[in-house]
Amino acid sequence: MTADAIKTRPAGGPGGGRPPEPAGFGRGGRGSDPAVPGPAVGTAMIGMAAALTAVTMLFVAFTTAYLARRQEPGWGALVIPPVLWLTTAMLLASSGTLEWARRRIAAGDIGGLRRGLTATAWLGGAFLLGQLVAWRSLAAQGAYISSNPHSGFFYLLTGAHGTHLLGGLAALGIIVWKAHAGRYGVASHAGIGVFALYWHFMDLLWLYLFALLFWA
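Keep in mind that what you see is a predicted model, and the values were worked out from it rather than measured.

### As for the overall build of the protein chain
Right, on to step 1. Helix and strand counts for the protein chain come out as six helices and two strands.
Right, on to step 2. Start at the N end of the protein chain and walk to the C end: the helices and strands fall as α-β-β-α-α-α-α-α.
Right, on to step 3. The buried share of the protein chain, taken over its 216 residues, is 34%.
Right, on to step 4. Here the analysis covers contacts within the protein chain between residues at least 6 apart in sequence; of these, 78% occur between residues at least 24 apart.
Right, on to step 5. By element, 68% of the accessible surface of the protein chain is carried by carbon and sulfur atoms, the whole surface being about 12200 Å².

Have a look at this one:
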């Protein structure tokens, strides 16, 4: 073989082209599938953003009606049910346990993920039960939906928020089940981050409603 033939010979395998990749590795890492399904997670994030935008617009409409009605006569006034301080602390704590769970799975601690998610679910459920206690407390004081505009908006806003949180709690139940079934790992837990976006949004929304109802 001449020197010219050696120079013009294609690089790579017998058929030319790119050198063969090591066995077991592809563009996404191990094997032929990517470690993290980027497009799927991106689509889920876009869908979640759209859903949260719709929720935001709903509560913007509620806020507009609330502020307009408050300027009219016969508004009335509610005293903060003491249990709401406890439920608010529970909901904030649930965000903390959820973030702790995400850090544990990122570190490869499956047991920590399970404990964090379970604690989040319990705290979320306790928050909803506490809201029912607050409703009963107001009803015992004679504050019903039709008693005055303030009490009516209280039931409307807390009920709408509780309904959305209940939907999140149902989704969290599925995530907890998957965690105990071993469906999550260091490279396969991106869906938890999508859910966390919703859950933290519900926390911030509650803080906003709490301030609106009693301090705005």
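Once you've had a look at it, read on.
### Looking at the nonpolar core
Inside soluble globular proteins, nonpolar side chains tend to come together where they are buried.
Right, on to step 1. Counting 46 residues, the largest nonpolar core has Phe59, Leu113, Leu117, Phe154 and Leu157 as the members making the most contacts within it.
Right, on to step 2. Mapped onto this core, the elements with two or more residues apiece are α2 (38-70), α3 (83-106), α4 (110-140), α5 (149-180) and α6 (190-214).
Right, on to step 3. Take this core: its biggest share by element is 14 residues, from α6.
Right, on to step 4. Discounting residues that sit within four places of it in the chain, Phe154 has contacts with Leu78, Leu84, Trp135, Leu138, Gly159, Leu213 and Phe214.

### Details of α3
Since the α-helix turns once every 3.6 residues, residues separated by three or four places project in the same direction.
Right, on to step 1. Taking 1.5 Å of rise per residue, 24 residues should cover 34 Å, and α3 covers 35 Å from first to last C-alpha, within 8% of that figure.
Right, on to step 2. Every buried residue of α3 is listed here: Leu84, Thr87, Thr88, Leu91, Ser94, Ser95, Thr97, Leu98, Ala101 and Ile105.
Right, on to step 3. Where α3 is buried, its residues contact α4, α5 and α6.
Right, on to step 4. Once α3 ends, the next one or two residues include Gly108, with phi positive near 85°.

### Quick word on the packing of α4 against α6
Right, on to step 1. It is at 14 Å that the axes of α4 and α6 come closest, and there the two elements cross at 30°. Between α4 and α6, the crossing angle belongs to the class labelled roughly parallel. Considering only the axes of α4 and α6, their crossing is left-handed. Packed against α4, whose contacting residues are Leu113, Thr120, Gly124, Phe127 and Gln131, the element α6 presents Ile192, Trp199 and Trp206 at the interface.

Cut-offs and rules
- Residues numbered from 1 in each chain as written.
- Predicted model: local features only at pLDDT ≥ 70, side-chain atom pairs only at ≥ 80, totals over all residues.
- Heavy atoms only, no water.
- Helix = DSSP H or I, 4+ residues; strand = E, 2+ residues; numbered from the N terminus.
- Buried < 20%, exposed > 50% of the residue type's maximum accessible area, 1.4 Å probe, protein only.
- Contact = heavy atoms within 4.5 Å.
- Areas by Shrake-Rupley, 256 points an atom, 1.4 Å probe, with all protein chains shown as cover.
- Core = buried A, V, L, I, M, F, W, Y, C linked by side-chain atoms within 4.5 Å.
- Expected span 1.5 Å × (residues − 1).
- Axes fitted to C-alpha atoms, helices over the stretch in contact; angles between N-to-C directions.
- Parallel < 35°, antiparallel > 145°, perpendicular 65-115°, else oblique.
- Left-handed = near helix turned anticlockwise from the far one by under 90°.

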